[in-house]
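What the coordinates show
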Amino acid sequence: MKIKSYAAMQAGQALELYEYDAGALDAEDVEVDVDYCGVCHSDLSMIDNEWGISQYPLIGGHEVIGRISALGEAAKNKGLSLGQRVGIGWTAKSCQHCDACINGDQVNCHQGSVPTILNHGGFANKLRANWQWAIPLPEKLDVESAGPLLCGGITVFKPLLMHNISVSSRVGVIGIGGLGHIAIKILHAMGAEVTAFSSSPAKKQSILDMGADYVVNSRDPEELKKLAGQFDLILSTVAVDLDWQPYFDALAPKGNFHTVGAVMKPFQVGAFSLIQGDRAVTGSSTGSPGQMRTLLKLASRTDIAPKVEFFPMSKINDALEHVRAGKANYRVVLKADF
């Protein structure tokens, strides 16, 4: 089976057309025809080998919406069918039998879960993944904008499950970009009180329109001081180092500061910021197939849709530069046009 794709042949290079032989379909796998694929900052990090794990030729893309075109023998009778619309996110494979997998924690598979990008990703006309990672799409879900839910969406949804966020919760979100804007939409749908911390005052009205109850200028120390002791959860989506102490001070007793942004510098936090008030600093990666199914059901029922702009996949290098330059209007989605 020949698959057409756009691949980086070396770190940091522009993507080029690349065709590879995918071989026979593994028994546990499904093959999916790609309709849409989101562009994530993680794609850029992998293309540039910022994390030191990339393998070339590298085919990015891990926010895939498509249709099942083939089922491996062991993937049959698993509730999936030919032609069915599914989504595939960051993870393509997990062992399915270790303690983590059996307990529904497949992203922490003891054998090592395989990222979609290292399994040949969705910047292609087709891709493959284990059947459990092909997430069925609810009928009412908007398929054009749904791709970013499969990475950005589940990344911010998982902490809300971990910390038992409910309608009575007060939650702060740091960074209202590709991840943060989805977090606000999800939190609003869940009924939580949402405060957005943004360094862009010009975004205030658009952030309120997304569902935030309050918008705070994160560059104003006095505004941050006024919020001391208020939040059950502060979710940080930024990948840059900040003065974190005001956010730790803003936690309520038993509050949690949770990061999903890949900040490369260690967090500086005094012990008494945690000891006083029984507070904690936590983090997480993406979610399990079960958590992803839950998110898509919630999105379908409450009309959660990431704010996206579209590029044809044939203009993929333009799309990547658009994201790299910080010009994306929250998220970019590629339409397959092979």
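Figured I'd write up the structure that's included with this text. Each chain carries its own residue numbering, running from 1 in the written order of its sequence. Only residues with pLDDT of 70 or above have their local features reported here, since the model is predicted, and side-chain atom pairs are shown and tallied only from 80 upward, although totals for entire chains, interfaces and linings are computed over all residues. Just so you know, side-chain values use all the structure's heavy atoms and leave hydrogens and water out.

1. Here we look at the environment of L187
Helix numbers and strand numbers start at the N terminus; a helix is a DSSP run of H or I with at least 4 residues, a strand a run of E with at least 2. Relative to the elements of secondary structure, L187 occurs in helix α4 (residues 180-190). Taking the relative accessible area as the measure of exposure, L187 reaches 0% and is therefore buried. Once the C-alpha coordinates of L187 and M264 are considered, the two residues, 77 residues apart in sequence, prove to be 27 Å apart. If we skip the residues at most four places from it in the chain, L187 touches L160, I165, V171, V173, A192 and V194. For every residue, the accessible area (1.4 Å probe, protein chains only) is compared with the maximum for its type, and the residue is labelled buried under 20%, exposed over 50%, or partly exposed between those bounds. In what follows, a contact means two residues having at least one pair of non-hydrogen atoms within 4.5 Å.

2. Notes on the side chain of H163
If you trace the backbone, H163 turns up in the loop between α3 (152-162) and β10 (170-174). Definition of a polar contact: a pair of N or O atoms within 3.5 Å, with one able to donate and the other able to accept a hydrogen when the atoms are protein atoms, and with sequence-neighbouring residues admitted only if both atoms are side-chain atoms. Here N256 takes part through its side chain, which lies 3.4 Å from a polar atom of the side chain of H163. When residues no more than four places from it in sequence are discounted, the contact partners of H163 are L233, N256, H258 and T282.

3. Quick look at the environment of H163
A relative accessible area of 17% means that H163 is categorised as buried. Sequence separation between H163 and Y36 is 127 residues, and the spatial gap between their C-alpha atoms is 32 Å. Engagement of the side chain of H163 in a polar contact is seen with the side chain of H258, the distance being 3.0 Å.

4. Considerations on the nonpolar core
Core analysis: the biggest nonpolar cluster contains 43 residues, and L149, F157, L160, I165, I184, I186 and L187 have the highest contact counts within it. For this core, the elements supplying multiple residues, two or more each, are α3, β10, α4, β11 (193-198), α5 (204-210), β13 (231-236) and α9 (289-302). A total of six residues in this core trace back to one element, the largest contributor, which is α4. Aside from chain neighbours lying at most four places away, what touches F157 is I186, M190, Q291, T294, L295 and L298. Take the buried Ala, Val, Leu, Ile, Met, Phe, Trp, Tyr and Cys residues and link them wherever side-chain atoms come within 4.5 Å; each set so joined is a nonpolar core.

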